[in-house]
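Residue-level structural notes
Given next are the chains, with one letter for each unit.
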Amino acid sequence: MDIISQLQEQVNIIASLAFNTFGTLQRDAPPVQLSPNYPEPPANANAVEDAASLAEQPKLLSAELVKAAKQFDALVAALPLSEGGEEAQLKRIAELQAENDAIGQELQKQLEAAEKELRQVQELFGQATDNCLNLKKPE
């Protein structure tokens, strides 16, 4: 797998971990009274038992998130350095764009030639079927 694919995969892992971490924190957060105007939220009967596991879970999730971020940083550090700086990169991009445009024009010409040939073949096929069905006398 190339380095860019690895980076994309690591970004997906980080996004998934962040999503799961935030979701877990929201799900497991104890109820809190938002305002004195609202009634007191009901107490959870398992609050004492859950407190120990709830306190440990965010630490584990955040450790996984930090580990994934460090792996991403290591992949970024492994990227090859560009030679010649930004000016050389822009020149190379312009060269590649010109090459792409030339190939695109060649492909367009080939497509047009193929469409012309297809029309000719369809016309000849139509003539051949008409002749076979004796709908039209051979010329």
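All of these numbers come straight from a predicted model, not from anything done at the bench.

Analysis parameters
Residues numbered from 1 in each chain as written. Predicted model: local features only at pLDDT ≥ 70, side-chain atom pairs only at ≥ 80, totals over all residues. Heavy atoms only, no water. Helix = DSSP H or I, 4+ residues; strand = E, 2+ residues; numbered from the N terminus. Buried < 20%, exposed > 50% of the residue type's maximum accessible area, 1.4 Å probe, protein only. pLDDT = per-residue confidence, 0-100. Expected span 1.5 Å × (residues − 1). Salt bridge = Lys/Arg side-chain N within 4 Å of Asp/Glu carboxyl O.

1. Notes on the environment of leucine 75
Residue placement: leucine 75 occurs in helix α2 (residues 47-77). Classification of leucine 75 as buried rests on a relative accessible area of 15%. In this structure, the C-alpha to C-alpha distance between leucine 75 and isoleucine 4, residues 71 residues apart in sequence, is 8.9 Å.

2. Digging into the confidence of the model for the protein
For the protein, per-residue confidence averages 85 on the pLDDT scale, and residues scoring 70 or more make up 88% of the total. The weakest mean pLDDT in the protein belongs to α2 at 83; the strongest belongs to helix α3 (residues 85-132) at 93.

3. Re helix α1 (residues 3-28)
In this model α1 runs 37 Å from its N-terminal to its C-terminal C-alpha over 26 residues, within 8% of the 38 Å that 1.5 Å per residue would give. Of all the positions in α1, only Leu7, Gln10, Leu17, Ala18, Thr21 and Thr24 are classed as buried.

4. Things to note about the pattern of salt bridges
Any two side chains of opposite charge can pair, on the condition that their charged atoms come close. Taken as a whole and judged by the stated rule, the model has two salt bridges. Salt-bridge contacts for arginine 27 lead to aspartate 28; the nearest nitrogen and oxygen are separated by 2.7 Å. By relative accessible area, aspartate 28 is classed as partly exposed at 21%. Arginine 92 is paired through a salt bridge with glutamate 95; the nearest N and O atoms lie 3.7 Å apart. With a gap of three residues between them, arginine 92 and glutamate 95 both fall in helix α3, about one helical turn apart. Judged by its relative accessible area of 45%, arginine 92 falls in the partly exposed class. Residue class for glutamate 95 comes out partly exposed when judged on its relative accessible area of 38%.

5. Quick look at the environment of valine 66
Tracing the backbone shows valine 66 in helix α2. Note on valine 66: relative accessible area 45%, which makes it partly exposed. Residues valine 66 and isoleucine 14, 52 residues apart in the sequence, show an inter-C-alpha distance of 8.9 Å.

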